[in-house]
Structures are given as structure tokens and as C-alpha cells.
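What the coordinates show
The lines below spell out each chain.
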Amino acid sequence: QVQLVESGGGLVQAGGSLRLSCATSGRAFLNYALGWFRQAPGKDREFVSGISSSGSTTYYSDSVKGRFTISRGNAKNTVYLQMDSLKPEDTAVYYCAASRSALSRGPSNYNYWGQGTQVTVSS
């Protein structure tokens, strides 16, 4: 019942756009903060963006500010990550995650994780 499923990944050229979606199990996540993380080979999982349960507060890593936009659907059980002006260094597996507590940037604060979706940006 507790699950998150990402979609929307793919292969794009540098400068292109993708929109990732993460569907949660529903009401169990309505009061959870949701976030996006990414992990490239040989690197630690890093915070990309997060949004509070209400949708009123958002965080972005410095590397994606101005290019990515996080949002929650009206039902709040879905979180989106609009990615514009993609760069090759954005290539990674992107994961959505949910936190029972307040929005944070630390992976350890997130309790539930999706399986990830691959984003590849070609030069």
C-alpha cells in the first residue's frame, strides 16, 4: 500500500525538457513532504528538490535552481518535477521520496522511496 512510482524519464538532448511524475499511494501521503533525489554512478544520492505537504514551501539544490520546478497535483498524491534546460550533468536515476516529518534535504529523513526513473541527457 505504501508505494511511490516514478515515470517520465527518458533520453533528451542538452537544452531539452522532461517532466517527471511520482504517483503515491494516496491519502497516506497527503501530509507528507515529498522530494526528488538523484544518483549518478559512483556518487551518493543527492537532493534535487522538495516540497512541503501543503505545497507552500519548496527547496532546490543550487545546481538546478532556475531550471527545475517542483509541484504537487491538486489531489496532493502526485508530485511533479519539471526539468528545463537540461544538461548532461543532470544524467542520473531520479527517485521520488516521502517524509513523514517536515521537508528536509537529507535522504535519511525520507521514509519511503520509489524505484527510480532514468534520465539521460546527451551532449
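Up top is the structure these notes are about.
So, the nonpolar core
Counting residues in hydrophobic clusters, the biggest one holds 26 residues, and the most contacted among them are W36, F68, L81, M83 and Y94. Contributions of two or more residues to this core are made by β3 (18–24), β4 (33–39), β5 (46–51), β7 (68–72), β8 (78–83), β9 (92–99) and β11 (117–122). Ranked by residues supplied to this core, first place goes to β9 with four residues. The residues contacting Y94, other than those within four sequence positions of it, are E6, L20, W36, F37, R38, V48, F68, L81, M83, G116, T117 and V119. One finds F37, F47, L103 and Y110 within the second-largest nonpolar core, a separate group that totals six residues.

Concerning unusual backbone geometry
Even without a glycine there, the phi angle at S85 is positive, about 50°. Structurally, S85 can be placed in the loop between β8 and β9.

Examining the state of the cysteines
Throughout the structure, instances matching the rule amount to one disulfide. Residue C22 pairs covalently with C96 via a disulfide, S to S 2.0 Å. The chirality of the disulfide connecting C22 with C96 is right-handed, given an S-S dihedral of about 55°. Taken together, the residues span a long stretch of sequence, with C22 in strand β3 and C96 in strand β9 at a distance of 74 residues. Each member of the pair, C22 as well as C96, carries the same accessibility label: buried.

About the cut-offs
Residues numbered from 1 in each chain as written. Predicted model: local features only at pLDDT ≥ 70, side-chain atom pairs only at ≥ 80, totals over all residues. Heavy atoms only, no water. Core = buried A, V, L, I, M, F, W, Y, C linked by side-chain atoms within 4.5 Å. Buried < 20%, exposed > 50% of the residue type's maximum accessible area, 1.4 Å probe, protein only. Helix = DSSP H or I, 4+ residues; strand = E, 2+ residues; numbered from the N terminus. Contact = heavy atoms within 4.5 Å. Disulfide = S-S within 2.5 Å.

Any functional reading would require information beyond the geometric quantities listed.
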